[in-house]
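# Chains, contacts and geometry: an overview
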Amino acid sequence: MTGPVIGRDYDTAVWSWSQHLRGGGSTPWAQWRSGDHDDRPPAGWIPPGAAQLEVVRRAALRRRRPAETAALADVVLSRSGPGRGRAWQPLDWPGAPPRSFGAPAVDPADVPVSELLRVAAGALTELVLRPAGAEPSAPATGRRGLLTRTPPFELAGSPVTTSAVRRELAARGHVEGGRKPTVVLLVEPLDQALAQVWSARVQRGAPVRWPGFVDRWAGRRDLPPSADVAAIAALWAEGVGADRVHVVPGPASVDDAVRSTVAAIGLRPGRPTTAGPARWRDLSPAAVDALRRVNSVLNVRVAEQRRDIARHVARDALAATVTGEGDLHRWTVPEAHRDWVTDRARRLADDLSQGGYAVHGRLDRVVPSAAGLPTQPRSTDVLDVLLGACLHRLSSTSAARPPEGAPRP
Amino acid sequence: MSEPTNRRRVLVHVGAPKTGTSFVQDVLWLNRDALAARGVLYPADRFDEHFLAALDLMDLQWGGLETQAVGAWDRLAQRVRDWPGTAIVSHEILATATKEQVRRALASFGEGADVHVVLSARDLVRQVPAEWQENVKHRRTIGYRRFLDKITDPARDGELASWFWGVQEVPDILDRWGSTLPPEQVHLVTVPRPGAPRDLLWHRFAAVLGLDHDTFAAETSRANPSLGVPETALVRRINKRVNHGVLVNEDYRRLVRELLAHRTLSQRTGSPRLSLPDDVRAWAVELSESWIRELSGRGYDVVGSLDDLRPDPADPAPYADPDAPDEDAVADAAMQSIVTLLEESARLHHDEALMRRERDAAYAELERSRGLWFRVKRRLVRAADDNRVAGFALAVYRRARGR
Amino acid sequence: MSRKVYLHVGAPKTGTTYLQDRLALNQAELARHRVHYPLGVYASQFRPALDLTGMSWGGIGAEVGGEWDKLMRRVRKLDGTVIISHEILAAASPQQIKRVMDDLGETEVHLVYSARDLARQIPAEWQEGIKHRRRGTYKKFVETVMTARRYKPRLWFWQVQGLPDVLSRWSGGLPPSRVHLVTVPHHGASGDVLWERYCDAFGLDPAWAPQDSFRTNVSIGGAEATLIRRLNRRLKQSGLESEPYRALIREIVVHRTLAQRPDMAKVTLPPYAYDFATEVAHEWIEWVEGSGIDVVGDVEDLVPARPPDDEVWADPDRPRRTEMIDAALDALVALALEAGRRPDPEHQLPAKVARAARRIRGS
């Protein structure tokens, strides 16, 4: 018995279509099914669902090397998607008798993108869990030497910006630390600071969505610790004096931030060398969302120790698909919370202005401007990024073999 | 008659929810040693082992519990493979497994095993409201009418409808789990109609699982009692206020689901029970008929009778709408809940005070044996513990220092 | 050494919390102008007042022995104006009042009493009772007030709110010019008016107490009050003790949660009681005018303002069910949060204790 859809013709058509897609073809199902096919499926074959096949077709549209497409198809077609979502759906087949039970049939082109995302996230997770050549790149962990000529300094503030600046400085031989440091706080506009905190948390393993993240903080009095720069500044000021605390509000770019930081601390230019990647990568909102989906699956697939490594692999793959056009990726809070974030930022700017810190720029840059930034990742972008990451993983690890005994679809 | 003695037997009980599954799992858990002595394995070191295994098999998230599920299916399957006799696996969320997941599960039991699938089923008129209530106890806020609309819509849009049919659609579940098995290895246990003797269901289960129903009689305390109409409406309203970050999952489970729903509100047995409005009832009756027709042609082993799945065409009690409940009853239930929470808070307050005294005594002891600097540090940390503002500042400081 | 002592003995629910808080906030500045509001460790003079009047007040009465004497010792060391203010003093018995006057001795003593119209006092006192675990309905409360005797009263309400009775008891031996009645203005007057009247009565310049207080006595609406009342009944059955109850119910449910609810239907005097309230007000006005005491404000303030004829009275004993459930849900959530936020002691503290114990044992 092959299921409620009766007819060997159906099985043949689906099997042959899956082979066609696996080989790089991208003919839509609506066209394919009317053709003649006599490629019989092997015994014991279970037809994949519409969502799985559609994901393979979208991947095939990207025109990659056949080996990669085939390898991706094998991964996607061998596991029905993780988590909850639509039940496995058969493909629509005109002339099939009405079924009295089971999920309704659907044309793969009509499968909602949320289902495709589920399957794609599962596939990327599967891929990062397979051992392969490339190990994830470790972040730069330079140690500050005892006899360094770099003046003592500390960086804090919006995680991604701070990470990027830290990396730049480390590349020039300047590592944080020392007694009585000069403290530089890099303060992005509050909406983007929150976006960066979200990005950092997802990179650390949280499976939370962006709107949900903002929802939770919008109702509260306090801010996430690394976004509450007023509190950080006050604490440092107690330790080293307000005059040693420098605030860099809303830097226009990473380079700008580096310049201000260098000026504030009084660093010598230094010889730039290559540095490892930043601790918190700059990812597009779609990439962060993709990573958080992977986090959900990782939570149930692997134990804690292995999760970090797997997540870093996923993050590397996602980061590779994200074109670094210009500077940091920026996005803002959903419309419903604009007022809240603006008010809160004003309060933050007020608090900072009363601290007696050295401010490099105008504090009102901490207040989000109505700059027409995206308010949340678009599903189609997320799918794009997931597929790109899967293919990237496959291409960079030619040895991404399926584990022993895994069934071939 | 002799069977080849080296073939193992694996019984997989895959659902459905609200058909006595918790009860069966309780009996198996409590009697697992006695069962093992008789050659029957219920492989579980913790009470919810099979639940975690099911999460693992299907890569399911479940409010944070999934992190404990890593590798659980493999461990379960290993124990099944290593056991020479009969092994029983039971959890109702297994019903939602796709064919691909089923294939993996069956393969994991190894060669040389006869796998039997067991599904217990109850008539739709009782199942539908029970599922809505389960949803509400898991933080959902969907109203009853909207819920009914979603599940009666043939398009089955959305997670809720998909999940519902995944765990309730008897013919599809048995098709997914049983398509590669001979029909005599697929067992459908029907829940008797209301009014039947209470232990009849257990007798049927025992028969299928190959147990003596008298030796392993029903003495469990976990009844998973149901809530009445006003109580369910109350929990739903509570959900609306505590979702979106107000109450975290752990606290919700402990306070709302366990303390309020299961231990307090379920005791109010006098309130009207959940049921179906007439239009949905008619739909359920028709659907049940089509299922009975479908199932009777498949040759499964039916323990009980397919007639049990045929609902009563009419309900003796008047319909109580959970979307417009008796507000007096809701208010009363709310009052009782407030009292329960007050008592719980007072109890925690009391215990906490006790613990603090013990801790302070321990610290005092420690201080006496250490120097002055230690005392200062301790005082700061303890002040932070007791004073939330100080604690927050410390946390910020630690994080600001962290990389 | 010249000293003037102002005894402000009540009534409750006449803005006394605000007054006492503002005096406390500005203690230092006032003292610079030789106006003293003597406090010990606690933020108000509640404990000395409780000691003097000998009430038990849910058990606290047992702890306050000696507080009145301590206050008197402090007063005797002060020079200038001394303000003693607590609204439960109104209920003092003649013997207790004699003790006060004896303790104050040769000092120039002024009596201050603040009064508000009964249409507002009756609902306010009922709510206060509910917050202190009372369980009776509003209807019963109003009836009791209307039928109880007002001369040498036994009922708490009249012991503290009965203007002629309180003033007669307290002002024996004082010239009328040293007895000051502060009337609380009707709704619609600005918040400063009452404060200025108090300053007037105590002989203070408001500029000596510039820092404003935000503490006001929270009032809740009818639905909320009925909710608490019904809760009180159930709690009596479950035997919940005073200490945890005080902390939990009052703090969380009433102050934090219910008092923040928007659009509460306020508790007001029932229509059938207005005639009674007006009659009593006229009695009081007659008494005040006949006594020649100093009035800060306007005696007409004591006459209740009747609501417009077309206004429908909301019976707090029969609130709209949805309002009550709404209030109940708020309280439920607040309590769930409270129970949730407390770290479950079974999890956290034993671990800490165990760690500390290991260190002691020297590992």
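Residues numbered from 1 in each chain as written. Chains lettered and ligands numbered in written order. Predicted model: local features only at pLDDT ≥ 70, side-chain atom pairs only at ≥ 80, totals over all residues.

## Some words on the overall build of chain C
On a plain count of helices and strands, chain C comes out with 15 helices and six strands. The buried share of chain C, reckoned over its 363 residues, is 40%. Looking at chain C alone, contacts between residues at least 24 apart form 82% of all its contacts between residues at least 6 apart. (Helix = DSSP H or I, 4+ residues; strand = E, 2+ residues; numbered from the N terminus. Buried ≥ 20, exposed ≤ 12 C-beta atoms within 10 Å, placed from the backbone. Contact = placed C-beta atoms within 7 Å.)

## Looking at the overall build of chain A
Looking only at helices and strands, chain A features 14 helices and four strands. Along the longest, intermediate and shortest principal axes, the C-alpha atoms of chain A span 80 × 45 × 35 Å. When burial is assessed residue by residue, chain A has 49% of its 409 residues classed as buried. Taking as baseline every contact in chain A between residues at least 6 positions apart, the subset at least 24 positions apart corresponds to 85%.

## A short note on the sheet that holds strand β2 (residues 35–36) of chain C
Strand pairing in a sheet takes place through backbone hydrogen bonds and is either antiparallel or parallel in direction. Residue and element names in this part refer to chain C. Taken in spatial order, the six strands of this open sheet run β2-β3-β1-β4-β5-β6, and their pairing is parallel. The strands lining the two open edges of the sheet, one partner per strand, are β2 and β6 (294–296). Two strands pair when backbone bridges link them, and strand β1 (residues 3–8) and strand β4 (residues 108–115) are joined in this way by five bridges, in the parallel orientation. Note that in β4 the partner of V5 across the bridge is V109. Packing against the sheet, helix α9 (residues 163–171) makes contact with β4 and β5 (179–183), and its axis sits at approximately 170° to β4. (Pairing = 2+ DSSP bridges. Axes fitted to C-alpha atoms, helices over the stretch in contact; angles between N-to-C directions.)

## Details of the packing of helix α5 (residues 113–129) of chain A against helix α14 (residues 379–396) of chain A
All names here are of chain A. In contact at an axis separation of 9 Å, α5 and α14 are set at 25° when each is read in the N-to-C sense. By the angle between their directions, the pair α5 and α14 is classed as roughly parallel. Considering the relative orientation of α5 and α14, their crossing is left-handed. Across the interface between the two elements, V113, S114, L116, L117, A120, A121, A123, L124, L127 and V128 from α5 touch S379, T380, V382, L383, L386, L387, A389, C390, R393 and L394 from α14. (Parallel < 35°, antiparallel > 145°, perpendicular 65-115°, else oblique. Left-handed = near helix turned anticlockwise from the far one by under 90°.)

## Considering the domain arrangement of chain A
Residue and element names in this part refer to chain A. Assigned domains of chain A: these are domain 1 (1–141 + 304–323 + 378–409) and domain 2 (153–282 + 332–377). Domain 1 and domain 2 are separated by 39 Å when their C-alpha centres are compared. Each partner contributes to the interface: domain 1 provides eleven residues, whereas domain 2 provides eleven residues. If you list the elements that add at least two residues to the side of domain 1 that touches domain 2, you get α12 (304–321) and α14. The leading source of residues in the side of domain 1 that touches domain 2 is α12, at four residues. Residue classes in the side of domain 1 that touches domain 2 are distributed as five nonpolar, one polar and five charged. (Domains from an automatic or database assignment. Nonpolar A, V, L, I, M, F, W, Y, C, P; charged D, E, K, R; others polar.)

## Things to note about the environment of B:H203
Of note, B:H203 is situated in helix α10 (residues 200–209). Note: C-alpha distance between B:H203 and B:H213 (ten residues apart in sequence) is 5.7 Å.

## Brief notes about the pairing of strand β4 (residues 113–121) of chain B
Looking along a regular strand, one sees the side chains alternate between the two faces of the sheet. Residue and element names in this part refer to chain B. β4 sits mainly inside the fold: seven of its nine residues count as buried. As defined by bridge partners, strand β1 (residues 8–13) adjoins β4 across six bridges and the pair is classed as parallel. Bridging from a neighbouring strand, R9 pairs with D114 of β4. As defined by bridge partners, β4 adjoins strand β5 (residues 186–190) across five bridges and the pair is classed as parallel. By the bridge assignment for β5, L119 is matched with L188.

## Focus: the interface of chain B and chain C
Facing the 37 residues of chain B at the interface are 32 residues of chain C. Elements with a minimum of two residues in the side of chain B that touches chain C: α11 (229–242), α12 (249–264) and α14 (327–369) of chain B. Here the element with the most residues in the side of chain B that touches chain C is α14(B); it accounts for 28 residues. Residue composition of the side of chain B that touches chain C, by class: 20 nonpolar, four polar and 13 charged.

## Observations concerning the interface of chain B and chain A
Contacts between the two partners involve 38 residues from chain B, matched on the other side by 37 residues from chain A. Examining the composition of the side of chain B that touches chain A, we find that six residues originate from one element, helix α16 (residues 388–401) of chain B, more than from any other.

## A word on the domain arrangement of chain C
Often, the extent of an interface is quoted as the loss of accessible area upon association of its parts. Here chain C is partitioned into domain 1 (3–216 + 271–306) and domain 2 (220–265 + 320–363). Counting residues at the interface gives eight residues for domain 1 of chain C and ten residues for domain 2 of chain C.

## Some words on the sheet that holds strand β6 (residues 301–303) of chain B
Residue and element names in this part refer to chain B. Here six strands make up an open sheet; going across it, the order is β2-β3-β1-β4-β5-β6 and the pairing parallel. Strand pairing shows two members of the sheet lacking a second neighbour, β2 (40–41) and β6, which therefore form its edges. Its contacts with the sheet put helix α1 (residues 21–30) on β1, β3 (86–90) and β4, and the angle it makes with β3 is roughly 140°. Its contacts with the sheet put α10 on β1, β3, β4, β5 and β6, and the angle it makes with β5 is roughly 170°.

## Description of the packing of α5(A) against α12(A)
Residues and elements named next belong to chain A. Where α5 meets α12, the axes come as close as 9 Å, and the angle between the chain directions of the two elements is 115°. Regarding α5 and α12, the two cross each other, and that crossing is right-handed. Along the contact surface, α5 presents L124, V128 and L129, while α12 presents A310, V313, A314 and A317. A class-by-class count of the residues in the contact of α5 with α12 yields seven nonpolar, no polar and no charged.

## Description of the pairing of strand β3 (residues 80–85) of chain C
Residue and element names in this part refer to chain C. Of all six residues in β3, five are buried, a share of seventy percent or more. Strand direction decides the pairing type here: β1 and β3, joined by six bridges, are parallel. Each bridged residue has a counterpart across the sheet, and for R3 the counterpart in β3 is G80. Pairing analysis gives two bridges linking β2 to β3, with the strands arranged parallel. When the sheet's bridge partners are listed, H36 is paired in β3 with V82.

## Some remarks on the nonpolar core
One finds A:L185, A:L386 and C:A328 to be the most contacted residues of the largest nonpolar core, which totals 300 residues. The biggest single contributor to this core is helix α14 (residues 321–341) of chain C, with twelve residues. If near-sequence neighbours (up to four positions away) are discounted, C:A328 is found in contact with B:A331, B:A334, B:M335, B:I338 and C:L227. (Core = buried A, V, L, I, M, F, W, Y, C linked by C-beta atoms within 7 Å.)

## As for unusual backbone geometry
Here the residue pair B:G15 and B:A16 is connected by a cis peptide bond, since its omega of -5° sits within 30 degrees of zero. Of note, the amide linkage connecting C:G10 to C:A11 takes the cis form, showing an omega dihedral of 0°. Along the chain, the position of C:A11 falls in the loop between β1 and α1 (16–25). Phi at B:D59 is positive, roughly 55°, even though this residue is not glycine. The topology assignment puts B:D59 in the loop between α3 (49–58) and α4 (72–82). Of the residues examined, B:D59 has 26 C-beta atoms within 10 Å and is grouped as buried.

## Quick word on helix α7 (residues 190–204) of chain A
Here α7(A) is 15 residues long and its end C-alpha atoms lie 21 Å apart, about the 21 Å a rise of 1.5 Å per residue gives. The element α7(A) is largely enclosed, with a buried count of 14 among its 15 residues. (Expected span 1.5 Å × (residues − 1).)

## Re the environment of A:W210
All names here are of chain A. Take W210: it is sitting in helix α8 (residues 210–218). We classify W210 as buried; it has 22 C-beta atoms within 10 Å. In this structure, the C-alpha to C-alpha distance between W210 and L373, residues 163 residues apart in sequence, is 14 Å. Contacts of W210, omitting those with residues within four sequence positions, involve W198, P285, D289, Q376 and P377.

## Regarding the confidence of the model for chain C
Low pLDDT means the predicted atomic positions in that stretch should not be read closely. Residues and elements named next belong to chain C. With 88% of its residues at a pLDDT of 70 or more, chain C has an overall mean of 85. Of all helices and strands in chain C, the one with the weakest mean pLDDT is helix α15 (residues 349–360) (50), whereas β5 scores best (96). Low pLDDT (under 50) marks residues 344–350, which in the prediction has eight contacts with non-local residues, meaning those over four places away or in another chain. Taken together, the stretch residues 359–363 has pLDDT below 50 and engages in five contacts with residues farther than four places along the chain or on a different chain. Prediction confidence for the complex, expressed as pTM and ipTM, is 0.78 and 0.81 respectively. (pLDDT = per-residue confidence, 0-100.)

## What to know about the environment of C:D79
Residues and elements named next belong to chain C. When you line up the elements, D79 lands in the loop between α4 (67–76) and β3. Overall, the presence of 10 C-beta atoms within 10 Å leaves D79 in the exposed class. A C-alpha to C-alpha distance of 38 Å links D79 and R120, two positions 41 residues apart in sequence.

## Thoughts on helix α8 (residues 158–168) of chain B
Within α8(B), burial applies to B:A161, B:S162, B:W163, B:F164, B:G166, B:V167 and B:Q168. Looking at the buried residues of α8(B), the elements they touch are α6 (124–137) and α7 (144–152) of chain B.

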